[in-house]
Amino acid sequence: SLRQELAVVKSPAEKGRILHDISSAFVERQPDSALVYADELLAVGLEIKDTLLIIRGYLQLGIANDNLGNMTKAFDANSKALELAILAHRENLMADCYSNIGLLYTRQKDGGAKSLEYYRKALAIRERLQHPAVNQEYLNIANYYMSTNNNDSAVYYCEKSLEYTNAESNPISTAYIYNALGTIYFMANDFTKSILYFEKGKVIKEKLDDKRGLVSAYANIGEAYAAIGQYDVAIENLNVAAAIANGIKNKFLMREVYFTLSSVYAKKGDYQNAYKTFQLHTAYRDSVFGEQKSRDILDIQTKYETERKNSENELLKQNNDIQAESIRRKDLLTYVIGGFLFLALIGAFFIFSAYAQKKNANL
């Protein structure tokens, strides 16, 4: 229906809105298609010089490239979106950018501290604006603490996320919180509770046809069954996860699933399949996380932070120049007025003196 609407709409702004909605609809299921519509959205925004459309275009490009495993492009797009959102004072969009960049740092080796920094920036904005997406920021921080084995903090932020999540109106967030709780119990070696929460999340994701979420659900369930020695059930779930990840062409998820699958095959004693799946893991790992890509991302981060500081310094310099010019003009005006008053006093003195002489002469 959106495509039909796109074919007849004439207003560029309306066309941009529809392109954004189509890209959003595709971004998890078919990120390569989302990329095409995001490019078109950005082109429309640039053509009509609509800052909001440009920011949204870059944001969609960032998410789609992240889902495709194009880390450098994802970081580049989100950094450009953040730059424009700051200049336009669009706080909600700034929070979107901070959240997305935080997620990208979680993909980086030793990027955890940086990811938490960006998640907290996003959370501060969401809390101040009382934005519904505050639940997602709490969940992002919970995921960070899980990655650092800080289970108490992870549980706290999961519970905070649940406080702001309505299961009926926001089922996808509920599913991701269940997934987070399943992960916490997995780390605590309570595999029965872990599988229970993973399954609860999977049911919701199947109803919503959330492909990316289903990859994580099946992979997590598989890993939990492997932990209790049920290798065949584990392999079955992991193969489903791999098939879905391949279907949506998500290199990052394929890398993770194949690594887990290789480990389970090895535990089962099936070394031939363990070797094959580890080779697939290595291929996707090198594709997504090559050393050059990591350097590229750090270079881009440095570049944008430097440009932002330069912009701020230039703006500060311009403000100082304006203030200095204003002071100079005020001083000049003071001198001019003072000069006029001085001349007026001298003129008055001569007039009064002439009048006095004339008066004396008359007498």
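Note that the structure is a prediction, hence the values are computed from the model and not measured. (Residues numbered from 1 in each chain as written. Predicted model: local features only at pLDDT ≥ 70, side-chain atom pairs only at ≥ 80, totals over all residues. Heavy atoms only, no water.)

1. Here's the deal with the overall build of the protein chain
Per the secondary structure count, the protein chain includes 16 helices and zero strands. Scored against the burial criterion, the 363 residues of the protein chain give a buried share of 41%. As displayed, the protein chain has an accessible area near 20,000 Å², and 55% of this comes from carbon and sulfur atoms. (Helix = DSSP H or I, 4+ residues; strand = E, 2+ residues; numbered from the N terminus. Buried < 20%, exposed > 50% of the residue type's maximum accessible area, 1.4 Å probe, protein only. Areas by Shrake-Rupley, 256 points an atom, 1.4 Å probe, with all protein chains shown as cover.)

2. Thoughts on the packing of aromatic side chains
Per the counting criterion, the structure on display carries twelve aromatic pairs. Between the aromatic rings of Tyr-178 and Tyr-197, the centroid separation amounts to 6.0 Å while the plane-to-plane angle is 40 degrees, which identifies the pairing as tilted. Residue Tyr-178 is found in helix H10 (residues 171-187), and its partner Tyr-197 is found in helix H11 (residues 191-208); the two are separated by 19 residues along the sequence. Given a relative accessible area of 19%, Tyr-178 falls into the buried group. Members of the aromatic cluster, joined through ring pairs, are Tyr-138, Tyr-144, Tyr-145, Tyr-156, Tyr-157 and Tyr-164. (Phe/Tyr/Trp six-rings, centres within 6.5 Å; stacked < 30°, edge-to-face > 60°.)

3. Some thoughts on the environment of Ala-154
Mapped onto the fold, Ala-154 is located in helix H9 (residues 151-163). For Ala-154, the contacting residues outside a window of four places in its chain are Ala-142, Tyr-145, Met-146 and Ile-184. (Contact = heavy atoms within 4.5 Å.)

4. Thoughts on helix H6 (residues 91-106)
The end-to-end C-alpha distance of H6, which contains 16 residues, comes to 23 Å, matching closely the 22 Å that a straight helix rising 1.5 Å per residue would cover. Among the residues making up H6, those that are buried are Leu-93, Met-94, Ala-95, Cys-97, Tyr-98, Ser-99, Asn-100, Ile-101, Gly-102, Leu-104 and Tyr-105. (Expected span 1.5 Å × (residues − 1).)

5. A few points about unusual backbone geometry
Despite not being glycine, Asn-149 shows a phi value in the positive range, around 60 degrees. Checked against the element boundaries, Asn-149 lands in the loop between helix H8 (134-147) and H9.

6. So, the nonpolar core
Membership of the largest hydrophobic core comes to 39 residues, with the highest contact counts inside it found for Tyr-58, Leu-61 and Tyr-98. Residue assignment for this core shows that the elements contributing at least two residues are helix H2 (12-26), helix H3 (31-48), helix H4 (51-68), helix H5 (71-87), H6 and helix H7 (112-129). Formed by 27 residues, the second largest nonpolar core is a distinct cluster that contains Leu-214, Ile-221, Tyr-225 and Ala-241. (Core = buried A, V, L, I, M, F, W, Y, C linked by side-chain atoms within 4.5 Å.)

7. A look at the confidence of the model for the protein chain
Detailed reading of the predicted model is not advised wherever pLDDT is low. The pLDDT averaged across the protein chain works out to 83; a share of 79% of its residues lies at or above 70. Between the elements of the protein chain, mean pLDDT differs from a low of 59, seen in helix H16 (residues 291-362), to a high of 94, seen in H5. (pLDDT = per-residue confidence, 0-100.)

8. Some points on the pattern of salt bridges
A complete count under the given rule lists 17 salt bridges for this structure. Overlapping salt bridges, with partners in common, bring together Glu-5, Glu-14, Arg-17 and Asp-21 in one network. (Salt bridge = Lys/Arg side-chain N within 4 Å of Asp/Glu carboxyl O.)

9. Some words on the side chain of Asn-140
Note on placement: Asn-140 falls in helix H8. Among all residues touching Asn-140, those that are not within four sequence positions of it are Ser-99 and Tyr-119.

10. A word on the packing of H2 against H3
Interaxial distance between H2 and H3 falls to 8 Å at its minimum, and their mutual angle equals 160 degrees. Considered as vectors, H2 and H3 are oriented roughly antiparallel to each other. For the element pair H2 and H3, the recorded crossing hand is left-handed. Residues Pro-12, Ala-13, Lys-15, Gly-16, Leu-19, His-20, Ile-22, Ser-23 and Phe-26 of H2 form the contact with H3, whose own contacting residues are Pro-31, Ser-33, Ala-34, Tyr-37, Ala-38, Glu-40, Leu-41, Val-44 and Ile-48. Here the residues of the contact of H2 with H3 sort into twelve nonpolar, four polar and two charged. (Axes fitted to C-alpha atoms, helices over the stretch in contact; angles between N-to-C directions. Parallel < 35°, antiparallel > 145°, perpendicular 65-115°, else oblique. Left-handed = near helix turned anticlockwise from the far one by under 90°. Nonpolar A, V, L, I, M, F, W, Y, C, P; charged D, E, K, R; others polar.)

11. Let's talk about H9
Over its 13 residues, H9 extends 18 Å from the first C-alpha to the last, a length consistent with the 18 Å expected when each residue adds 1.5 Å. Buried residues of H9: Ala-154, Tyr-157, Cys-158, Lys-160 and Ser-161, and no others. Along the axis of H9, the buried positions cluster into a sector of 160 degrees, meaning they face one direction only. Exposed residues pointing more than 90 degrees away from the buried face of H9 are listed as Asp-152 and Glu-163. Buried residues belonging to H9 abut H7, H8 and H10. (Arc of directions from axis to C-beta.)

12. Thoughts on the environment of Gly-45
The topology assignment puts Gly-45 in helix H3. Its relative accessible area of 0% is what places Gly-45 among the buried residues. Residues Gly-45 and Pro-12, 33 residues apart in the sequence, show an inter-C-alpha distance of 8.3 Å. Discounting chain neighbours no more than four positions away, the residues touching Gly-45 are Asp-50, Leu-53 and Ile-54.

13. Some remarks on the environment of Tyr-144
Checked against the element boundaries, Tyr-144 lands in helix H8. Residues Tyr-144 and Gly-112 lie 32 residues apart in sequence; the distance between their C-alpha atoms is 7.0 Å. Apart from the residues within four sequence positions on either side, Tyr-144 is in contact with Gly-112, Ala-113, Ser-115 and Leu-116.

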